[in-house]
Amino acid sequence: MRVRELRREIVKSSKGNRQPRNSSSSSASSATNAKRRPPMPTALTSSMVAPVMYDVYRADPKKTSWKTVQTLIGPYLASTPEQRFCVTVLEKAKEHVNGDPDNNIKLVPPLVQSLLDCGHYAEVTTIGPDEMRVIMAANAQSNYDLAVKAAKKLAEVQAKKGSKESVAMPVRSDFEPNYAELKEDGEYFEAWFFAPSPSIKQMRGGMLLNVCTMDAGHDKSRGDYGTFYASYTYDSNSQLVLLLAMHCLHIESIRAWEMFCSRLRYIYNFEWTDHESEDEGEGEGGGGGEDDTQVHPHRIDSDEKVMIVDDHAAIAAMFAGDHAEFESLRRALCMDHRKDHAGTRGGSAGNYRTMCCATTYDSFWSTFEKSEPQFQNFVDEEDLDAQFRFIMMTKNGVSMHGRTCSSGSESMMGANLMRGIRELGYDPYRGLYKLVLEELRRFEERRAASRKQWRGQPPNQQLVVMPESVRKYFEEMENKPDYLIMRSASKMGSSSSGPVGAVRVTCTGSSGRVQGTSTVVTYLDQPKCECGIPQVDLKVCKHQHFAAKKLRVPVEELLQEFDTVRHWRAQYADRIGDFRLPGTASLDGSGVRLLRALSGPVKSGAPSRKRNVFANRAARDALKNRHAAS
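Residues numbered from 1 in each chain as written. Predicted model: local features only at pLDDT ≥ 70, side-chain atom pairs only at ≥ 80, totals over all residues. Heavy atoms only, no water.

Peer 1: What is the right way to look at the overall build of the chain in this model?
Peer 2: Broken down by element type, the chain carries 25 helices and 15 strands. Counting over 630 residues, the chain shows a buried share of 45%. Restricting the contact set of the chain to residue pairs at least 6 apart, pairs at least 24 apart contribute 69%. Roughly 31900 Å² of accessible area belongs to the chain as shown, and the carbon and sulfur atoms make up 48% of that amount. (Helix = DSSP H or I, 4+ residues; strand = E, 2+ residues; numbered from the N terminus. Buried < 20%, exposed > 50% of the residue type's maximum accessible area, 1.4 Å probe, protein only. Contact = heavy atoms within 4.5 Å. Areas by Shrake-Rupley, 256 points an atom, 1.4 Å probe, with all protein chains shown as cover.)

Peer 1: Got a minute to help me understand unusual backbone geometry in this structure?
Peer 2: Trans peptide bonds make up most of the peptide bonds, and negative phi angles are found at most residues other than glycine. Pro 459 follows Pro 458 through a cis peptide bond whose omega is 0°. Structurally, Pro 459 can be placed in the loop between strand E10 (454-455) and strand E11 (462-463). Phi at His 401 is positive, roughly 55°, even though this residue is not glycine. Note on placement: His 401 falls in the loop between helix H17 (389-396) and helix H18 (407-418). Residue Leu 538 is not a glycine yet carries a positive backbone phi of 55°. Positionally, Leu 538 belongs in the loop between helix H22 (533-537) and helix H23 (542-550). Leu 538 gets classed as partly exposed once you look at its relative accessible area, which sits at 23%.

Peer 1: For this particular structure, what's the right way to read the nonpolar core?
Peer 2: Looking at soluble globular proteins, one finds that nonpolar side chains tend to be buried together. Of all hydrophobic cores here, the largest spans 95 residues; its most connected members are Trp 257 and Tyr 268. When neighbours within four sequence positions are excluded, Tyr 268 is seen to be in contact with Ala 195, Ser 199, Ile 200, Met 203, Leu 242, Leu 243, His 298, Arg 299 and Ile 300. Grouped together as the second largest cluster of nonpolar side chains are 20 residues, Val 470, Met 486, Val 555 and Leu 558 included. (Core = buried A, V, L, I, M, F, W, Y, C linked by side-chain atoms within 4.5 Å.)

Peer 1: Would you take a moment to explain the packing of helix H20 (residues 468-478) against H23 for this structure?
Peer 2: The angle between the axes and the distance between the axes are what describe a pair of packed helices. Two elements in contact, H20 and H23, have axes separated by 11 Å at closest approach and are oriented at 90°. By the criterion of interaxial angle, the relationship of H20 to H23 is roughly perpendicular. For the pair formed by H20 and H23, the contact residues are Phe 474, Met 477 and Glu 478 on the first element and Lys 542, His 545 and Lys 549 on the second. Each residue belonging to the contact of H20 with H23 can be placed in one class, and the counts come to two nonpolar, one polar and three charged. (Axes fitted to C-alpha atoms, helices over the stretch in contact; angles between N-to-C directions. Parallel < 35°, antiparallel > 145°, perpendicular 65-115°, else oblique. Nonpolar A, V, L, I, M, F, W, Y, C, P; charged D, E, K, R; others polar.)

Peer 1: Looking at this structure, how should I read empty space enclosed by the protein?
Peer 2: Over the atoms, a rolled probe matching the size of one water molecule traces out where space is still vacant. For the structure shown, the criterion picks out three cavities of 30 Å³ or more. Counted as a void, the largest cavity has a volume near 50 Å³. Lining the largest cavity are Ile 105, Phe 189, Tyr 225, Leu 249, Gly 425, Tyr 426, Pro 428, Arg 596 and Ala 597. Among the residues forming the lining of the largest cavity, the class breakdown is seven nonpolar, one polar and one charged. (1 Å grid on protein atoms, 1.4 Å probe; cavity = no way out; pocket = protein on both sides within 12 Å on 5 of 7 lines; lining within 4 Å. Points joined across faces, edges and corners; volume = space filled by probe spheres on them.)

Peer 1: Explain the sheet that holds strand E13 (residues 502-507) to me, please; I cannot follow it from the model alone.
Peer 2: Strand-to-strand pairing in sheets goes through backbone hydrogen bonds, with the strands running parallel or antiparallel. Pairing within the open sheet is antiparallel, and its three strands lie in the order E12-E13-E14. The outermost strands of the open sheet, each flanked by one partner alone, are strand E12 (486-491) and strand E14 (519-523). This sheet shows a mean twist of 25° between the axes of neighbouring strands, independent of strand direction. Docked against the sheet, H23 engages E12, E13 and E14, running at close to 70° with respect to E12. (Pairing = 2+ DSSP bridges.)

Peer 1: Any chance you could explain the pairing of strand E8 (residues 306-309) here in plain terms?
Peer 2: Side-chain positions along a regular strand alternate between the two faces of the sheet. The alternating pattern of E8 places Val 306 and Ile 308 and Met 307 and Val 309 on opposite faces, both of which are buried. As judged from the three bridges shared by strand E3 (residues 211-218) and E8, these two strands associate in the parallel manner. Pairing of Cys 212 across the sheet is with Met 307, part of E8. Of the pairings in the sheet, the one linking E8 to strand E9 (residues 330-333) comprises four bridges and is parallel in character. Pairing of Ile 308 across the sheet is with Ala 332, part of E9.

Peer 1: Sorry, what's going on with the side chain of Thr 367 here?
Peer 2: Its location among the elements puts Thr 367 in helix H15 (residues 361-370). Classification of Thr 367 by relative accessible area gives buried; the value is 14%. Not counting the four nearest positions on each side in its chain, Thr 367 is found in contact with Asn 351, Thr 354 and Met 355.

Peer 1: Help me understand the layout of surface pockets, please; the structure alone is not making it clear to me.
Peer 2: Roughly 1400 Å³ of volume is contained in the second largest pocket. Forming the boundary of the second largest pocket are 47 residues, of which Arg 389, Gly 402, Tyr 473, Asp 537 and Lys 539 lie nearest the centre. Secondary-structure elements contributing two or more residues to the lining of the second largest pocket are helix H14 (349-357), H15, H20, H22 and H23. If you tally residues by element for the lining of the second largest pocket, the top one is H20, at seven residues. Of the residues belonging to the lining of the second largest pocket, the class tally is 16 nonpolar, 17 polar and 14 charged.

Peer 1: Looking at this model, I keep getting lost on the pattern of salt bridges. Mind explaining?
Peer 2: As a working rule, side chains carrying opposite charge can pair if their charged atoms are close by. All chains considered together, the criterion is met by 24 salt bridges. A salt bridge links Lys 339 to Asp 340; the nearest nitrogen and oxygen atoms lie 3.6 Å apart. We classify Lys 339 as buried; its relative accessible area is 18%. In this structure, Glu 444 and Arg 447 form a salt bridge, with 3.0 Å as the shortest nitrogen-oxygen distance. Taken together, the residues Glu 444 and Arg 447, both in helix H19 (residues 428-450) and three residues apart, mark about one turn of the helix. Connected through shared salt-bridge partners, Glu 438, Glu 439, Arg 441, Arg 442 and Glu 445 make up one network. (Salt bridge = Lys/Arg side-chain N within 4 Å of Asp/Glu carboxyl O.)

Peer 1: I would appreciate a short explanation of the packing of aromatic side chains in the present structure.
Peer 2: For any pair of aromatic rings, geometry is given as the distance between the ring centres together with the angle between the planes. Taken as a whole and assessed by the stated rule, the structure comprises 22 aromatic pairs. Consider the rings of Trp 257 and Phe 260, whose centres lie 5.6 Å apart with planes at 90°: the pair is edge-to-face. Taken together, the residues span about one helical turn, with Trp 257 and Phe 260 both in helix H11 (residues 254-268) at a distance of three residues. Looking at Trp 257, the relative accessible area reads 0%, which means it is buried. (Phe/Tyr/Trp six-rings, centres within 6.5 Å; stacked < 30°, edge-to-face > 60°.)

Rendered as structure tokens:
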């Protein structure tokens, strides 16, 4: 929309608001026009301005911000509009472009059915008006308590200033929800779930890593509209693959994690019957087994799989106790969360990190024994195999492939926030469909990368012989100081013409991680080295890599099957199928009774900045009203 048209629309909407401040008319003519100007109407509302911003936002959504609104409409108003007003205008303009959320919510069930028809897993759940009433009442009480707390702080400030006036405390009735909005026969949105069809097939074929992560993040839209939950695993190129996503009205709690984990177990606890091919395994999962069935070896609830999580009590309840959803899946605690807690408890975060990265018996226990008593007590609070990958491998025989943190899920939480998925809690239909579009893009990028035959451009292009992440891992390894101290590698044994087995790697001095020696014995015919990395992480260590280069053994021959280019390409082979995208043009929400949630549960933890500002404003408004009344 041109600036002139924008000006004309705003002036027309305001019905007599003053001309732009940059008008070139003289003061005398301005005074004459002021006499002829009709009376000023009520204040210009965001609803009046939002339709004017419709074309601006639709033309370039990414570059349209609240500052854009302020720049465009500011010259036509009596004063520069506040950020709060501009943000509201932008949000309402978005609703004009993307549809009314109250109408979009009725498209969620048809969209879920379309996703099921495309082979994905999708579901939507609802709650009744009684539960919605309880949530609204709890939110009102929380807002009231926060306002009282803000009023008490304001009273302390007034007292320090020497003011003798008392601060008016908030009244509970002012925070009472509008229960008239509740429909007694209504069904209110609770949660949607989505699991991509390719992920289900990849997991069923045993193609993905045995290590998964899961995490939750608050929705960032205006108002409290729930929490986003997700679980991811890795492909051979260390790219994250979505297993299950859920946007739920409830905060992190046992109830919410039960909803998530029960679906995760249902989808990925594969089972087959005697009539089903064990090699193909075409079913898409399902809960409890039937008679004459055999448990699938690649099910998620297996003692060969590990789930890395933080130490939230509600998550821990999913693995043990009355609320447990998993019987065999092993829980591993995120190192980043635990080491921070070790520091706050008087221990050493550095020592905890050293123990998490240890791959030999001596390096692990020597660090523990040298630590202070409070640190040892902190470590003893949780099972050792749930904290340290060295113990996980030596005790249970399960490798975590060097993974120690839930940073995968956390990074994807940030990516989904940047993509606007976690900002759509107030519009579940758009949130779900945007996630589907984003996962389609990510799947196509991962598949295209796996099918590349050459790396780089002519004349420097090279044949792809290993996944890109593995190549970068070796490239970074070669530039580290402890790699550069290695000088020679020689075969051990009497035969120098036979296959390469044990190799002696000589270093210029002790690196501190080679048990105080300058010689390390490694093997090129099995995952074994004195440093312990091949045994614990099932990865090629620096000594194996150096020996292979010196003895002219192709490094790709040392890789585990999961890290080979062959396995990587099999993960995205034709038999996995395409990521099918449902059409939305024919979705019909007529007759659907689903309604948007009127409020979300109170978030745990410290109140957000937005809620604190609201409480402080309420306290100050109460004080102003008291002055006005007197």
